[in-house]
Amino acid sequence: MAGFQSVLHELDALGAKVVAASVDPIEKAREVAAELSFPHAYGVTRETGTLLGSWWEEKRNFIQPSEFILDENGKVLASSYSAGPLGRIEGPDVVKLVKLYESRKAEQKKA
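Residues numbered from 1 in each chain as written. Predicted model: local features only at pLDDT ≥ 70, side-chain atom pairs only at ≥ 80, totals over all residues. Heavy atoms only, no water.

### Some points on the overall build of the protein
- Within the protein one finds five helices and six strands.
- Seen in sequence order, the protein has helices and strands lined up from the N terminus as α-α-β-α-β-α-β-β-β-β-α.
- C-alpha atoms of the protein, sized along the principal axes, occupy 50 × 30 × 25 Å.
- Considering the protein as a whole, with its 111 residues, one finds that 30% of them fall into the buried category.
- Counted over contacts in the protein with a minimum sequence separation of 6, partners at least 24 positions apart contribute 34%.
- Of the roughly 7,700 Å² that the protein leaves accessible, carbon and sulfur atoms contribute 55%.
- Of the side chains in the protein, 14 bear a positive and 16 a negative charge, and the two mean positions are spaced by 4 Å. (Helix = DSSP H or I, 4+ residues; strand = E, 2+ residues; numbered from the N terminus. Buried < 20%, exposed > 50% of the residue type's maximum accessible area, 1.4 Å probe, protein only. Contact = heavy atoms within 4.5 Å. Areas by Shrake-Rupley, 256 points an atom, 1.4 Å probe, with all protein chains shown as cover. Lys, Arg positive; Asp, Glu negative; His and termini not counted. Charge placed at Lys NZ, Arg CZ, Asp CG, Glu CD.)

Set out below in structure tokens:
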């Protein structure tokens, strides 16, 4: 999440918002969120993970990262589902992707 914090000013300038959620109980979530300036929810359940289509790790009983980029109407533009520590979306990549989507929207308006 530190990677998103490091580019938060760029995302804000693009009108993009970051929201995080975890399986952590509130005490741990507060500890993590203390270093962040974007919302961080806690207590994600297996049921929520199933609704998202996420991979739940049985052995350690938690959800693997499930990341989404939504447009202003809530439509999923991009998603990433991990089954382990690899394959997570990085903050700088989101900045590039949002800029790409914005440039495409601008081009469509011109056409």
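### Quick word on the pairing of strand S6 (residues 76-81)
- Across five bridges, strand S5 (residues 66-70) lies against S6 in antiparallel orientation. By the bridge assignment, Ile 69 is partnered in S6 with Ala 78.
- Where S5 hands over to S6, the hairpin turn is made up of five residues, of which Gly 74 adopts a positive phi near 90°. (Pairing = 2+ DSSP bridges.)

### Overview of the pattern of salt bridges
- Using the criterion set out here, one finds seven salt bridges in the structure.
- For Asp 12, the salt bridge is made with Lys 17, and the minimal N-O distance between the two is 4.0 Å.
- With a relative accessible area of 40%, Asp 12 lands in the partly exposed category.
- Given a relative accessible area of 66%, Lys 17 falls into the exposed group.
- Between Glu 58 and Arg 46 there is a salt bridge, with the nearest N and O atoms lying 2.3 Å from each other. With a gap of twelve residues between them, Glu 58 in the loop between strand S3 (56-57) and strand S4 (62-63) and Arg 46 in helix H4 (residues 46-52) connect regions that are remote in the sequence.
- On the basis of relative accessibility, which here comes to 39%, the residue Arg 46 falls in the partly exposed class.
- One salt-bridge network, in which partners are shared between bridges, spans Glu 72, Glu 102 and Lys 105. (Salt bridge = Lys/Arg side-chain N within 4 Å of Asp/Glu carboxyl O.)

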